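Read off the chains here:
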Amino acid sequence: MNILHAVTAQQQISPKLQKLQQTCKDGKECRTVYSKEELKEKLTPLQYRVTQEKGTERAFSGEYNSLNAEGVYNCVVCGVPIFSSESKFNSKSGWPSFYDVLDKDQIALKQDVSNNMIRTEVTCGNCGAHLGHVFTDGPEPTGTRYCINSAALAFTQSTQSSKHNEEYSEKIKSEL
Ligand SMILES: [Zn+2]
């Protein structure tokens, strides 16, 4: 095995993550770009550190770690919906964990070799905010575990969406 081989082998990520990566958006082309000043104003220092400097909140410290309410978790920076409470589960890791995303087009995955680990970083596909990491030890049906910082998310409780659904079905009925 030559050096090139050794390097490639070391950097290889699991086929499952590779497949997932292929179905997600390429993070290089973010649709929404904010200035540093704008973000410093808009975000708390922790939200800024996590989303813009790839920081990690302390385990069990995040406001959404043990939240069980029904709703949608949006990117705290640009507001794009990323996760549903339906795919949230208790991984006991100390960070909000999800076994799936709402739409794979809304996230981008990148290899992260920081801290002497090979991990797959999850970023917002719209604005590039760092959200957390994804692992392959999640529960069924996907076997995927998105380990996400609360500080990167903004939760919207689902009362609004169910009201919207009611209005929508009323509209359908009236159109029939
Ligand atoms: Zn975003």
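Residues numbered from 1 in each chain as written. Predicted model: local features only at pLDDT ≥ 70, side-chain atom pairs only at ≥ 80, totals over all residues.

A look at the sheet that holds strand β9 (residues 153-157)
- Strands sit in the order β2-β1-β9 across an open sheet of three strands; the sheet is antiparallel. For this open sheet the edge positions go to β2 (81-84) and β9, each flanked by a neighbour on one side alone. Each adjacent strand pair in this sheet contributes to an overall mean axis angle of 30°, direction not counted.
- Two elements, strand β1 (residues 71-75) and β9, share five bridges in a ladder whose sense is antiparallel. Bridging across to β9, Tyr73 finds its partner in Phe155. (Pairing = 2+ DSSP bridges. Helix = DSSP H or I, 4+ residues; strand = E, 2+ residues; numbered from the N terminus. Axes fitted to C-alpha atoms, helices over the stretch in contact; angles between N-to-C directions.)

Some words on unusual backbone geometry
- With an omega of 10°, the peptide bond running from Glu140 to Pro141 counts as cis.
- Of note in this structure, Lys54 is not a glycine but carries a positive phi near 55°.
- Positionally, Lys54 belongs in the loop between α4 (45-53) and β1.
- Looking at Lys54, the number of C-beta atoms within 10 Å reads 17, which means it is partly exposed.
- Of note in the backbone geometry, Asn116 takes a positive phi value of approximately 60° without being a glycine. (Buried ≥ 20, exposed ≤ 12 C-beta atoms within 10 Å, placed from the backbone.)

Quick word on the nonpolar core
- Ile82, Cys124, Ile148 and Ala152 are the most contacted members of the largest nonpolar core, which totals 29 residues.
- Secondary-structure elements contributing two or more residues to this core are α4, β1, β2, β5 (107-112), β6 (119-124), β7 (130-135) and β8 (145-148).
- The contact partners of Ala152, leaving out residues within four places of it in the chain, are Val50, Thr51, Val76, Ala129, His130, Leu131 and Gly132. (Core = buried A, V, L, I, M, F, W, Y, C linked by C-beta atoms within 7 Å. Contact = placed C-beta atoms within 7 Å.)

Worth remembering: the numbers are spatial, not functional.
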